[in-house]
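Chain by chain, the residues run as shown.
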Protein chains: 2
Amino acid sequence: MKNFTLIGSGLVGSLLSIYLAKRGYNVTVYERRPDLRKNRISAGRSINLALSDRGWAGLAGVGIVDEIKKVAIPMTGRMMHSKDGKLTYQAYGKEGQAINSVSRGGLNCVLMDLAEKHGVKIHFNKRCTHIDLKTAVAHFEDNVTKEIVEVSADRVFSTDGAFSAGRLQMQLSTDLFTYSQTYLEHGYKELTIPPTASGEFAMEPNALHIWPRDSYMLIALPNLDKSFTCTLFFPFDGETSFKTINSEEKALEFFKTNFADFVPLIPNLEKEFFTNPTSSLMTVRCYPWRYQDKFLMVGDSAHGIVPFYGQGMNCGFEDCVVLDKMMDKYGEDWDTIFEEFQKSRKPDSDAIAQLALDNFVEMRDRVGKPSFLLQKKIENWFSEKHPDKWIPLYTMVTYSPHIRYSEAYREGQKQESIMQQVMNIPDIENKWNSPEVEEKIISLLEYFK
Amino acid sequence: MKNFTLIGSGLVGSLLSIYLAKRGYNVTVYERRPDLRKNRISAGRSINLALSDRGWAGLAGVGIVDEIKKVAIPMTGRMMHSKDGKLTYQAYGKEGQAINSVSRGGLNCVLMDLAEKHGVKIHFNKRCTHIDLKTAVAHFEDNVTKEIVEVSADRVFSTDGAFSAGRLQMQLSTDLFTYSQTYLEHGYKELTIPPTASGEFAMEPNALHIWPRDSYMLIALPNLDKSFTCTLFFPFDGETSFKTINSEEKALEFFKTNFADFVPLIPNLEKEFFTNPTSSLMTVRCYPWRYQDKFLMVGDSAHGIVPFYGQGMNCGFEDCVVLDKMMDKYGEDWDTIFEEFQKSRKPDSDAIAQLALDNFVEMRDRVGKPSFLLQKKIENWFSEKHPDKWIPLYTMVTYSPHIRYSEAYREGQKQESIMQQVMNIPDIENKWNSPEVEEKIISLLEYFK
């Protein structure tokens, strides 16, 4: 029986540990934080994620789709809130397609419970301080006793997220390691809309709410307890920024001016604004992801992305599915498993990293514009008439796990070029569903083939 | 009197320590390596650098231009060696302009001696293990005793090169730190041509020798002891690469086929090829370079570049000159000094990083082609007729410290666009110095204004 060390029992680490344990490997996970399951109540804020088909595929492999479906809230579309409080709804896909708001903590707990059921051992409060990549010996320091344990294994998986200790070890002790970390000029701050006095959702629960404001935006996702977790994505610096909104008065004034319909939903909004932290948004790209057959990075550790396509967790879960397929294919040839895994996933993770960056502009700016709504209407109309010729980009990324992110990205670039020409057709507002437009798109598709 | 800690007594650290000491600051330098001056003879290989006008400006500020001129070998141009041994010479600039081969170790020793003369204290064998950026407290571990000293100062300068401990601290303990490290697919290996049996240079000493071979190249710079330090820049992987040349027979065969005139100059070439290490070529970009008024990166620590424009040291020395000007301008306002320094130098270091990458293609591929030689001939002819309108890119970068790297880069891009059009003029080989060509360039310069 082979011994595997996993660093990090977050979403990807816990899921991967189950995949490995199911194959009969002896898996031990070391987690920097305390056991989430013992501190659930004190966790305070309820953070949620948008689970979609690539994520479901990951959960399907360990048989917990039905269990998670029970605690997920389907969001069938975007609900845009204009400055004057007008609501516009735009479906995320066809009838029956939805992304799902799930609690990050809740899902993580379910996965850790299941991992332990499969014999995975999880040690908490153990911070990784060093990995000998050649020998797969990892050192962990106990947060409380400061004692250091030295763990030998056949290989080490680094599933410790965007600020990965495993990746740092690759940077420090290997040559030819390509690495970049870049930050957006926007940070984010979370705010919570509680249930109403009568214990109901304060807004439509089956939608992802967006307040697009060109250079910044606010979004809200529903929670099971009928609250909403809201996130303001906002510049750190500049005229209107976290820097200039430096008093409760200015904060309230800012929200009243720009998010008038939002203000009544949060009691003491201006207090919460200064209580909650401001966090940054990082993209991490690196390569290689493995060291020989001893060490492999999976999930955010290998490819940290910004949250604007709701694909961070989904991409990490897909990593597990792809790695599982490689294990099917190559048995115990770990050198090939690791090599084929990184070669296969690198272009896909690069693609979703770029799509997530691009989608920030779409969400905060374009979705609020009539021309964008018309463009999406035309795409949906054409796609329904010619499903073999056109799958909207959002559908490819979110509902089509058989299409690779890198293919979706290329196809999306082509679609955008075509739609730019279509939107330039005179009087497009009135003839958007005419044979002329249909033929134009068909001929452009031929041209771009 | 203010106390400053410098990490690293390399070329930039030693020079900066003198600039600071001359202003009356109390400067202490901690260097990871042993004292170079005590181990000079055992250093073995003689490594040289191309010192040019930005570097001289840095040395002028501490008054050692004449001293260094005595130990520098001027290289007035490139000497290209074709596959069949034909030599082609191309001047690097006008009469009297030259880049200068100097010994890295020799120059470093002179700078350390001078630093100590100015009261700088240098501690050797001290590896930086941690910096508290907020308080400017740095920890150093002694390589021999393993004892850790804790050093308090008013500020810390990180002059510890491309693999900087200071930069790593910025990455680990600050938010919003943009960082990238990228490697070329080529590595390099140094080889030495000894003096001839009669004690003379084996080739023309006042030139930088290049054997351009499209996808790789060999270069040689003269040393004072009449040897040449040669560097092979060569792919790590692929059909013809460090990987495939894996025996002394293959190495000798490779050199005989591709560098026939070089082979007789090195006894036991095939042995030396496997004795000497293969190193990688990294570009590092990051920002910010400072933490408040407590910490600043200078030189390769802030901007590691590849060596193909011979500007790494020159750029680092120019950093010292610019920082010195900021100290003149802003007195003891270190917050402003650090901010203005990084804002000013970032675009310039980005420009030289890109120019250095571009110049690899020029050196290994373009310089061997007749069309390139003709293009440079036209540029030089036009530049001599219109020195107010055209300064060749190489001259701007190498001999014009009053022109910023970023300006040189922009101007160079413009010149390249113009020359592409000029080279397309039919029969340009015969009318390269005609009024037609002259007028064409003048009109294109107007167009690109």
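Calculation rules
Going along each chain's sequence as written, the residues are numbered from 1 onward. Chains carry letters and ligands carry numbers; both start at the beginning, A for chains and 1 for ligands, and go up in the order they are written. Local features in this predicted model are restricted to residues of pLDDT 70 or higher, and side-chain atom pairs are both shown and tallied only at a pLDDT of 80 or more, whereas totals for entire chains, interfaces and linings draw on every residue. Excluded from the side-chain calculations are hydrogens and water; all other atoms, namely the structure's heavy atoms, are used. In this description a helix means any DSSP run of H or I spanning at least four residues, a strand means any run of E spanning at least two, and both kinds are numbered starting from the N terminus. We take the radius of gyration over the C-alpha atoms and set the globule estimate at 2.2 Å times the residue count to the 0.38 power. Note on exposure labels: buried denotes an accessible area under 20% of the residue type's maximum, exposed denotes more than 50%, and partly exposed covers the range between, all computed with a 1.4 Å probe on protein chains only. The contact definition used throughout considers only heavy atoms, calling two residues in contact when any of these lie within 4.5 Å. Where accessible areas are quoted, they stem from the Shrake-Rupley method and a 1.4 Å probe; at the residue level, only the protein chains shown are allowed to cover. Buried area counts how much accessible surface, traced with a 1.4 Å probe, disappears from two parts once they are put together, with both parts' losses summed. Put simply, a salt bridge is a Lys or Arg side-chain nitrogen that is within 4 Å of an Asp or Glu carboxyl oxygen. Under the rule applied, a polar contact is a pair of N or O atoms within 3.5 Å (in protein, one hydrogen donor and one hydrogen acceptor; residues adjacent in sequence only if both atoms are side-chain atoms). Following the grouping adopted for this structure description, the nonpolar residues are Ala, Val, Leu, Ile, Met, Phe, Trp, Tyr, Cys and Pro, the charged ones are Asp, Glu, Lys and Arg, and the polar ones are all others, Gly among them. Should DSSP find at least two bridges between two strands, the strands are regarded as paired. What sets the superposition is a least-squares fit of C-alpha atoms, and only residues with pLDDT of at least 70 in both copies go into it. Throughout this description, the term nonpolar core refers to a set of buried Ala, Val, Leu, Ile, Met, Phe, Trp, Tyr and Cys residues connected via side-chain atoms within 4.5 Å. A pocket, in this scheme, is an open set of points on a 1 Å grid over the protein atoms alone with protein on both sides within 12 Å along at least 5 of 7 lines, while a cavity is a set where a 1.4 Å probe fits but cannot get out; residues line either one if an atom lies within 4 Å of a point. Grid points are joined across faces, edges and corners, and a volume is the space filled by probe spheres set on the points. Under the convention used throughout, the expected extent of a helix is 1.5 Å for every residue step, that is, one less than its residue count. Looking at any residue, its pLDDT shows the predictor's confidence there, from 0 to 100. All axes here are fitted lines through C-alpha atoms, helices being fitted over the stretch that makes contact, and every angle between N-to-C directions spans 0 to 180 degrees. Start and end positions for the domains come from either an automated domain assignment or a database one.

Asker: Just to check I follow, could you spell out the overall build of chain A for this structure?
Answerer: Along the backbone of chain A there are 13 helices and 19 strands. A compact globule built from 449 residues would reach a C-alpha radius of gyration of about 22 Å, and chain A, at 23 Å, matches this within 12%. Principal-axis analysis of the C-alpha atoms gives chain A an extent of 70 × 55 × 40 Å. The burial tally for chain A puts 55% of its 449 residues in the buried class. The contacts in chain A between residues at least 6 apart in sequence include a share of 69% that link residues at least 24 apart. In the form shown here, chain A has an accessible surface area of approximately 19,500 Å², with 51% of it arising from carbon and sulfur atoms.

Asker: Would you take a moment to explain the interface of chain A and chain B for this structure?
Answerer: Bring the parts together and some accessible area is lost; that lost area is often taken as the interface size. Counting from both sides, the interface comprises 15 residues of chain A and, opposite them, 15 residues of chain B. Both sides together, the interface formed by chain A and chain B hides about 1,300 Å², and carbon and sulfur atoms give 54% of it. Together, Leu176, Gln181 and Tyr183 of chain A form the three largest contributors to the area buried by chain A at its contact with chain B, with a combined 37%. If you look at where chain A meets chain B, you find zero salt bridges. The tally of links between chain A and chain B comes to seven residue pairs in polar contact (both at pLDDT 80 or more). It is strand β13 (residues 178-193) of chain A that contributes the most residues to the side of chain A that touches chain B, seven residues altogether. Per-class residue counts for the side of chain A that touches chain B are eight nonpolar, six polar and one charged. Relative to strand β13 (residues 178-193) of chain B, β13 of chain A is paired through three bridges, and the arrangement is antiparallel. Counted as the bridge partner of Ser180 of chain A is Ser180 of chain B from β13 of chain B.

Asker: Is there a simple way to explain the environment of Lys346 of chain B in this structure?
Answerer: All names here are of chain B. In this fold, Lys346 is placed in helix α9 (residues 334-364). Note on Lys346: relative accessible area 16%, which makes it buried. For the pair Lys346 and Asp84, spaced 262 residues apart in sequence, the C-alpha to C-alpha distance is 43 Å. Excluding residues within four positions of it along the chain, Lys346 makes contact with Arg285, Cys286, Tyr287 and Trp289.

Asker: Which parts of the structure should I look at to understand the relation of the copies chain A and chain B?
Answerer: One copy of the chain maps onto the second through a rotation about an axis and a displacement along it. After a rotation of 180° and a shift along the axis of 0.0 Å, chain A superposes on chain B with an RMSD of 0.0 Å. This pairing of chains is accounted for by a two-fold axis. When each C-alpha of chain A is compared by its distance to the rotation axis, Ser180 of chain A comes out closest, at 2.0 Å. Residue by residue, 100% of the interface of chain A is reproduced at the interface of chain B, so both copies engage with the same surface.

Asker: Would you take a moment to explain the nonpolar core for this structure?
Answerer: As a rule of thumb, soluble globular proteins bury nonpolar side chains together. Among the nonpolar cores identified, the biggest contains 138 residues, and Leu59 and Phe157 of chain A together with Leu59 and Phe157 of chain B are the most heavily contacted of them. With 32 residues, the next largest nonpolar core counts Ile99, Val306, Phe360 and Tyr399 of chain B among its residues.

Asker: Help me understand empty space enclosed by the protein in this model?
Answerer: Space left empty within the atom packing is revealed by a probe, the size of a water molecule, rolled over the atoms. All names here are of chain B. In the structure shown here, the tally under the stated rule is one cavity of 30 Å³ or more. Looking at the largest cavity, its volume works out to about 30 Å³. In terms of lining residues, the largest cavity is bounded by Val284, Arg285, His303, Gly304, Ile305, Ser349, Asp350 and Ala353. Taken together, the elements giving at least two residues each to the lining of the largest cavity come down to β17 (279-287) and α9. Considering each element in turn, the lining of the largest cavity owes the most residues, three residues, to α9. Broken down by class, the residue content of the lining of the largest cavity amounts to three nonpolar, three polar and two charged.

Asker: Teacher, can you tell me more about helix α10 (residues 370-385) of chain B here?
Answerer: A turn of α-helix holds 3.6 residues, and therefore any two residues three or four places apart point the same way. In this model α10 of chain B runs 23 Å from its N-terminal to its C-terminal C-alpha over 16 residues, within 8% of the 22 Å that 1.5 Å per residue would give. Those residues of α10 of chain B hidden inside the fold are in contact with β5 (77-81), β6 (87-91), α9, α12 (405-423), α13 (428-431) and α14 (435-448) of chain B.

Asker: Can you walk me through the confidence of the model for chain A in this structure?
Answerer: One rule of thumb: low pLDDT means the predicted coordinates there are not for detailed reading. Across chain A, the average pLDDT comes to 96, with 98% of residues at or above 70. Across the assembled chains, the prediction reports ipTM 0.90 with pTM 0.93.

Asker: Mind showing me how you'd approach the sheet that holds strand β7 (residues 99-103) of chain B here?
Answerer: What holds strands together in a sheet is hydrogen bonding between their backbones, with the strands either parallel or antiparallel. Residues and elements named next belong to chain B. Strand order across the open sheet formed by three strands is β3-β7-β4, with antiparallel pairing between neighbours. Both edges of this open sheet fall to β3 (48-51) and β4 (73-75), since each of them pairs with a single strand only. Put simply, the sheet's adjacent strands are angled 35° from each other on average, direction ignored. The pairing of β3 with β7 spans four bridges and is classified as antiparallel.

Asker: Help me understand the domain arrangement of chain A in this model?
Answerer: Residue and element names in this part refer to chain A. When its domains are assigned, chain A resolves into domain 1 (3-42 + 51-69 + 102-181 + 283-359) and domain 2 (369-447). Using only C-alpha atoms to locate each centre, domain 1 and domain 2 end up separated by 36 Å. Taken together, the 17 residues of domain 1 in the interface contact 13 residues of domain 2. Taking both sides of the interface into account, the surface hidden between domain 1 and domain 2 amounts to around 1,300 Å²; carbon and sulfur atoms contribute 57%. Applying the counting rule to domain 1 against domain 2 returns one salt bridge. For Asp348, the salt bridge identified is with Arg404, shortest N-O distance 2.8 Å. Counting across the domain 1 and domain 2 interface gives nine residue pairs in polar contact (both at pLDDT 80 or more). Listed by contribution, the elements that provide at least two residues to the side of domain 1 that touches domain 2 are α2 (53-60), α8 (312-330) and α9 (334-364). Looking at the side of domain 1 that touches domain 2 element by element, the count peaks at nine residues for α9. Across the side of domain 1 that touches domain 2, the residue classes break down as six nonpolar, five polar and six charged.

Asker: Honestly, the pattern of salt bridges in this entry has me stumped. Any pointers?
Answerer: Close approach of charged atoms allows side chains of opposite charge to pair. Residue and element names in this part refer to chain B. By the definition in use, this model includes 58 salt bridges over all chains. Asp113 is paired through a salt bridge with Arg37; the nearest N and O atoms lie 2.8 Å apart. Here Asp113 is found in helix α4 (residues 104-117), whereas its partner Arg37 is found in the loop between β2 (26-30) and β3, with 76 residues between them in sequence. Given the relative accessible area of 39%, Asp113 is considered partly exposed. On the accessibility criterion, Arg37 (18% relative accessible area) is buried. Of the charged contacts in the structure, one is a salt bridge between Glu416 and Arg366, with a shortest N-O distance of 3.5 Å.

Asker: What is the right way to read helix α4 (residues 104-117) of chain A from this model?
Answerer: Residues and elements named next belong to chain A. Taking 1.5 Å as the rise per residue, α4 with 14 residues should run 20 Å; its terminal C-alpha atoms sit 20 Å apart, in good agreement. The complete set of buried residues in α4 reads Gly106, Leu107, Asn108, Cys109, Val110, Leu111, Met112, Leu114 and Ala115. Buried residues belonging to α4 abut α1 (11-22), α2, α3 (65-69), β7 (99-103), β8 (121-123) and α8. Count one or two residues on from α4 and you reach Gly119, which has phi positive near 90°.

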